[in-house]
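# Structural characterization, general
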Amino acid sequence: MTEHDLIRGCIRQDNSCQRMLFDKYAGKMMSVCLRYANDAMEAEDMIQDAFIKVFQYIGQFKFEGSFEGWIRRIVVNTAIRHLERKKMKFKDIDDHSQHAPQVDPGAYAHLGEEDLMKLINQLPDGYRIVFNLNVIEGYSHEEIAEMLNIQAGTSRSQLVKARKMLQQQILQLQKIAV
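Residues numbered from 1 in each chain as written. Predicted model: local features only at pLDDT ≥ 70, side-chain atom pairs only at ≥ 80, totals over all residues. Heavy atoms only, no water.

## Considering the state of the cysteines
According to the stated counting rule, one finds 0 disulfides in the structure shown. Unpaired in this structure, Cys10 has its nearest cysteine sulfur neighbour in Cys17, at a distance of 5.6 Å. Classification of Cys10 as buried rests on a relative accessible area of 1%. (Disulfide = S-S within 2.5 Å. Buried < 20%, exposed > 50% of the residue type's maximum accessible area, 1.4 Å probe, protein only.)

## Looking at the packing of helix H2 (residues 15-36) against helix H4 (residues 67-85)
Their axes nearest at 10 Å, the elements H2 and H4 cross at an angle of 40°. Between H2 and H4, the crossing angle belongs to the class labelled oblique. In the crossing of H2 with H4, the sense of the turn from one axis to the other is right-handed. Taken together, the residues of H4 that come into contact with H2 (itself represented by Leu21, Tyr25, Lys28, Met29, Val32, Cys33, Arg35 and Tyr36) are Phe67, Glu68, Ile71, Arg72, Val75, Val76, Ala79 and Leu83. A class-by-class count of the residues in the contact of H2 with H4 yields 12 nonpolar, no polar and 4 charged. (Axes fitted to C-alpha atoms, helices over the stretch in contact; angles between N-to-C directions. Helix = DSSP H or I, 4+ residues; strand = E, 2+ residues; numbered from the N terminus. Parallel < 35°, antiparallel > 145°, perpendicular 65-115°, else oblique. Left-handed = near helix turned anticlockwise from the far one by under 90°. Contact = heavy atoms within 4.5 Å. Nonpolar A, V, L, I, M, F, W, Y, C, P; charged D, E, K, R; others polar.)

## A short note on the pattern of salt bridges
One pass over the full model with this rule turns up 10 salt bridges. Note that Arg35 is salt-bridged to Glu137, the shortest N-O span being 2.2 Å. Residue Arg35 is found in helix H2, and its partner Glu137 is found in the loop between helix H7 (125-136) and helix H8 (141-148); the two are separated by 102 residues along the sequence. Each member of the pair, Arg35 together with Glu137, is buried. It is possible to trace a salt-bridge network through shared partners that takes in Arg35, Arg72 and Glu137. (Salt bridge = Lys/Arg side-chain N within 4 Å of Asp/Glu carboxyl O.)

## Side note on the side chain of Asn134
Here Asn134 shows up in helix H7. On the accessibility criterion, Asn134 (18% relative accessible area) is buried. In this view, Asn134 contacts Tyr139, His141, Ile144, Leu159 and Arg163; residues no more than four positions away in its chain are not counted.

## Quick look at H2
Along H2, the largest kink reaches about 50° and is centred on Ala26. Considered for burial, the residues of H2 that qualify are Cys17, Gln18, Leu21, Tyr25, Ala26, Met29, Met30, Val32, Cys33, Arg35 and Tyr36. Against helix H1 (3-11), helix H3 (40-57), H4, helix H6 (113-121) and H7 lie the buried residues of H2. (Bend = angle between axes of the 7 residues up to and from the residue.)

Take a look at the structure:
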């Protein structure tokens, strides 16, 4: 069955097509939710809400561009709305290391994807969300500002602080490894 047929089946509310679509995309989209959630249970809530919206609005898909991208956008927006309900705040963290040393490029070579994701997940909510939206999802600061109802400058500031915090965490790991 082609993706087009699968989408058409979901528009007709064919349960088997809905199941196939969920099975095809749930794993990738769960990893998106895990980047925004504080734990696996929260990510499961996000993915469930997101797929409810996917099936609710699938008739609005125009068959232009990537269907996976369309789903990803719903998942990201659902995750953000979920965090807003938790009253996520973009607070400034007291940053005493304004002149943090630059990270040796070799430090990244020793980190696996899973290690890096753990470090990202340890970031404060505001830092983590902006980092994910900008660096991983590719949204501009203006888009992020609109999505999160913040200023573009706040988005930029959160990203700079997130990167600095990640650099410090990587340096700490490098010191421990030596």
